[in-house]
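Take a look at the letters that make up each chain.
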Amino acid sequence: MKSVLLVGLGRFGKHIVFNLESLGYELMAVDNDEAKVDEILAHVTNAQIGDSTNEEFLKSLGVNNFDYCIVAIGSNFQSSLETTSLLKELGGKVVISRASRDVQAKFLLRNGADHVVYPEKEMAARLVHDYIHN
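Being a predicted model, the structure only gives us computed values, none of them experimental.

1. Concerning the overall build of the protein
From N to C terminus, the protein includes 6 helices and 6 strands. Reading the protein from its N terminus to its C terminus gives the helix and strand order β-α-β-α-β-α-β-α-β-α-β-α. Taking 14 Å as the expected radius of gyration for a compact globule of 134 residues, we find that the protein reaches 15 Å, a close match to that expectation. With respect to the principal axes defined by its C-alpha atoms, the protein has extents near 50 × 35 × 30 Å. Put simply, the protein has 134 residues, and 41% of those count as buried. Partitioning the intrachain contacts of the protein with sequence separation of at least 6 by distance along the chain shows that 49% fall at a separation of at least 24.

Right, dumping it as structure tokens:
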């Protein structure tokens, strides 16, 4: 069974939780907001409250034991960039990070992200293709 470390439990992160849960993945979720962590406790294998830009905190999670690390932080690009970089430095096998703009994707890819996703951009393209164009 594949294991996933998810950092960031905003709207996008919560949707990732529910999708991975339905597929039966082992999932550890992390956020610095206790209320957000409490909301998803029943849907994950493990959850932690902490600062993902703190190297010691991330080390304590055993980053290198996860098959995938997802950075779903959307409100603070600096934190997203730092978290992405640290995850890769600590042995993250596959690091997938969220971006809102192309310039963010460039920085993320240069600093450890293996893949970058654009939730809004990708959903807009899907909507146009699936519902309007066809």
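2. A closer look at the nonpolar core
Within the largest apolar cluster, 16 residues are counted, with the highest numbers of intra-cluster contacts made by Leu5, Val30, Leu58, Leu61, Val63, Cys69 and Leu87. Once residues lying within four places of it in the same chain are set aside, the contact partners of Leu61 are Leu5, Met28, Val30, Gln48 and Phe66. If you look at the next biggest cluster of nonpolar residues, it comprises 15 residues, including Leu6, Val37, Ala72 and Ile96.

3. Some remarks on the pairing of strand β5 (residues 95-98)
Here β5 shows a buried face lined by Val95 and Ser97 and a second buried face lined by Ile96 and Arg98. In the sheet, strand β4 (residues 68-71) pairs with β5 via 3 bridges, with the strands oriented parallel. Paired with Val71 across the bridge in β5 is Ser97.

4. Focus: the packing of aromatic side chains
Under the definition given, this model contains 0 aromatic pairs. A cation over a ring is seen here: Lys121 above Tyr118, with NZ or CZ 4.5 Å from the ring centre.

5. So, the pattern of salt bridges
Side chains bearing opposite charge may pair, as long as their charged atoms lie close to each other. With the rule as written, the count across this model stands at 7 salt bridges. In this structure, Glu39 engages Lys14 in a salt bridge whose closest nitrogen and oxygen atoms are separated by 2.8 Å. Remark: Lys14 occurs in helix α1 (residues 11-23) and Glu39 occurs in helix α2 (residues 34-40); sequence separation between them is 25 residues. Close ionic contact of Glu56 with Lys59 constitutes a salt bridge, the shortest N to O distance being 3.6 Å. Linking Glu56 with Lys59, this pair stays in helix α3 (residues 55-60), spanning 3 residues, or about one helical turn. Here Lys59 falls in the partly exposed class, since its relative accessible area comes to 42%. One connected set of salt bridges, linked through shared partners, spans Glu55, Glu56 and Lys59.

Conventions and cut-offs
Residues numbered from 1 in each chain as written. Predicted model: local features only at pLDDT ≥ 70, side-chain atom pairs only at ≥ 80, totals over all residues. Heavy atoms only, no water. Helix = DSSP H or I, 4+ residues; strand = E, 2+ residues; numbered from the N terminus. Rg over C-alpha atoms; globule rule 2.2 N^0.38 Å. Buried < 20%, exposed > 50% of the residue type's maximum accessible area, 1.4 Å probe, protein only. Contact = heavy atoms within 4.5 Å. Core = buried A, V, L, I, M, F, W, Y, C linked by side-chain atoms within 4.5 Å. Pairing = 2+ DSSP bridges. Phe/Tyr/Trp six-rings, centres within 6.5 Å; stacked < 30°, edge-to-face > 60°. Lys NZ or Arg CZ within 6 Å of the ring centre and 35° of its normal. Salt bridge = Lys/Arg side-chain N within 4 Å of Asp/Glu carboxyl O.

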